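Coordinate analysis (summary)
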Amino acid sequence: MTEYAKVAGALTDLMLVSHVAALEDLPEMVAAHVDVVGLHEVAFFVVDLQGKVLRQVTGRGPDAGEGGLQFTVHGTVAGLAFQRVDLVTEPDRTGRRNLRRWWVPITDGVERLGVLRADTADDDEAVRNALRALASMVALLLLSKRSYSDSYARLIRTAPMSVAAEMQWHLTPPSAFAGRTSTVGAASEPAYEVGGDAFDYALSDDILHLSIFDAMGHDATAGLTANMAVATCRNARRQGADLVKTSQAVEEALIEQFGTSRYVTGILADLHLTTGRLEWVNRGHHLPVLIRDGRWSSELQCPPAGPMGVALGLPVTVRSEQLQPGDRLLLYTDGVVEARNRKGELFGLDRFVDFVVRHHADRLTVQETLRRLTHAVLDHHDGRLDDDATVLLAEWGDTDQENLTP
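What comes next is a walk through the structure.

About the criteria used
- Residues numbered from 1 in each chain as written.
- Predicted model: local features only at pLDDT ≥ 70, side-chain atom pairs only at ≥ 80, totals over all residues.
- Heavy atoms only, no water.
- 1 Å grid on protein atoms, 1.4 Å probe; cavity = no way out; pocket = protein on both sides within 12 Å on 5 of 7 lines; lining within 4 Å.
- Points joined across faces, edges and corners; volume = space filled by probe spheres on them.
- Nonpolar A, V, L, I, M, F, W, Y, C, P; charged D, E, K, R; others polar.
- Helix = DSSP H or I, 4+ residues; strand = E, 2+ residues; numbered from the N terminus.
- Expected span 1.5 Å × (residues − 1).
- Buried < 20%, exposed > 50% of the residue type's maximum accessible area, 1.4 Å probe, protein only.
- Pairing = 2+ DSSP bridges.
- Axes fitted to C-alpha atoms, helices over the stretch in contact; angles between N-to-C directions.
- Parallel < 35°, antiparallel > 145°, perpendicular 65-115°, else oblique.
- Left-handed = near helix turned anticlockwise from the far one by under 90°.
- Contact = heavy atoms within 4.5 Å.
- Core = buried A, V, L, I, M, F, W, Y, C linked by side-chain atoms within 4.5 Å.

So, about empty space enclosed by the protein. What the rule picks out here adds up to four cavities of 30 Å³ or more. Roughly 90 Å³ of internal volume is contained in the largest cavity. Taken together, the residues that form the lining of the largest cavity break down as six nonpolar, three polar and three charged.

See the structure below:
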């Protein structure tokens, strides 16, 4: 039995001892357990909120990253593994040992958490399988520790965060998901100051629930408004309310709390994963965009019922659309298309959709496409947005698994 064939036993032992470990214990614990099976100099790095840098988890200091290395996502071998969601190798440059250095994406499904580094003496399928197994275990360990770790929260931030943004990031689901013939990706900017934007998705039996909200204003009260909208939406949905009643429940909750002084626009949608039937309601929001056959197909039409929280009393209309395998649905807020450059030129809907189409054609993952999109929007606006910009992208049917998982 080769060293690498013994990895399963080492990972089992690691899992058993990790139950009473903190985030700070993981670097030394992981490295010690796998060094004996031929995986040397193991270290792991987590990506920041904006997908710009990879920061090493060392277990030291208030952010558990003291004394660690940092790599940019663009222009480094570590960043290449992260972008491609694939193993990348490079020769050992120290000259001291005939070792090969590996960079391995750390993912939870299609959510990218960071990358793993390891040195090995061999380069064969057994090594690659061992590295993938180790990266999967590290992903599970990080997920099990991050929810109660201030150190993790500090490490993935590169700037101070507003109270409104703190609320929003605590509320939102993971930025990527894949399962049951569907893929979902989401992104929000400005990451450290987002206030009134929020997105949500959830799976229930064969229905994928999708929603996006844009609250009035860009302050802590806007954050509270968006938080209440998402929480009420979840509460009504989990009690069996349909799309119309769910949107009405959000309106009632906002009016009860704020009168008619605060409001939220939004799209609430249900995607039936067995059939591909999409149903949605429009509460004063930008229309969803459908991408079909690798090109912009159309904006999906639905009469607006008015924003939630202003008590206009307009009828809420449910519209439906039959999706085809491979269709992509884009939900977004106005900060994406209304970002202006120094010349006053809007980023615009055409540029937005074209960006998604072109990067999909390049076979990038949903999450990588959205990471690059948000950076393009920021660059268009000289690095600072006047309004929140949020995108929620869902794909149905015949998803290309090679383009989703490492």
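The next subject is the layout of surface pockets. Taken as a whole, the largest pocket holds about 1,000 Å³ of empty space. Leu49, Glu111, Arg146, Ile156 and Trp169 are the residues nearest the centre of the largest pocket, which is lined by 34 residues in total. Listing elements by their share of the lining of the largest pocket, those giving two or more residues are strand S6 (111–120), helix H5 (150–155), helix H6 (163–171), strand S8 (182–189) and helix H11 (366–380). Of the residues contributing to the lining of the largest pocket, the split by class is 15 nonpolar, 10 polar and nine charged.

Okay, H11 next. Counted at 1.5 Å a residue, the expected span for H11 with its 15 residues is 21 Å, and the 21 Å between its end C-alpha atoms agrees. Buried residues dominate H11, accounting for 13 of its 15 residues. With its phi angle positive at about 55°, Asp382 sits one or two positions after the end of H11.

Spatial strand order, S3-S2-S1-S6-S5-S4: six strands in an open sheet with antiparallel pairing. Each having just a single partner strand, strand S3 (70–72) and strand S4 (88–91) make up the two edges of the open sheet. Between one strand axis and the next, the sheet turns by 25° as a mean value, whatever way the strands run. Taken together, the nine bridges between strand S5 (residues 100–108) and S6 define a ladder with antiparallel strand orientation. If you follow Pro105 over to S6, its bridge partner there is Val115.

As a packed pair, helix H7 (residues 220–238) and helix H8 (residues 243–258) sit with axes 8 Å apart at the nearest point and diverge in direction by 140°. The angle between H7 and H8 falls in the class oblique. Between H7 and H8 the crossing geometry is right-handed. Contacts from Thr221, Thr225, Met228, Ala229, Thr232, Cys233, Ala236 and Arg237 in H7 reach Thr246, Ala249, Val250, Ala253, Leu254, Gln257 and Phe258 in H8. Considering only residue class, the contact of H7 with H8 consists of nine nonpolar, five polar and one charged.

What follows deals with the nonpolar core. Ranked by internal contacts, the top residues of the largest apolar core, which has 38 residues, are Phe44, Ile106, Leu116, Leu134 and Leu142. Looking at this core, the elements with two or more residues in it are helix H1 (7–18), helix H2 (26–35), strand S1 (40–47), S5, S6, helix H4 (125–146) and H5. Of all the elements, H4 adds the most residues to this core, at 10 residues. Contact partners of Leu142, with chain neighbours within four places excluded, come to Leu23, Leu26, Phe44, Val46, Ile106 and Tyr152. One finds Val289, Ile291, Leu330 and Val356 within the second-largest nonpolar core, a separate group that totals 23 residues.

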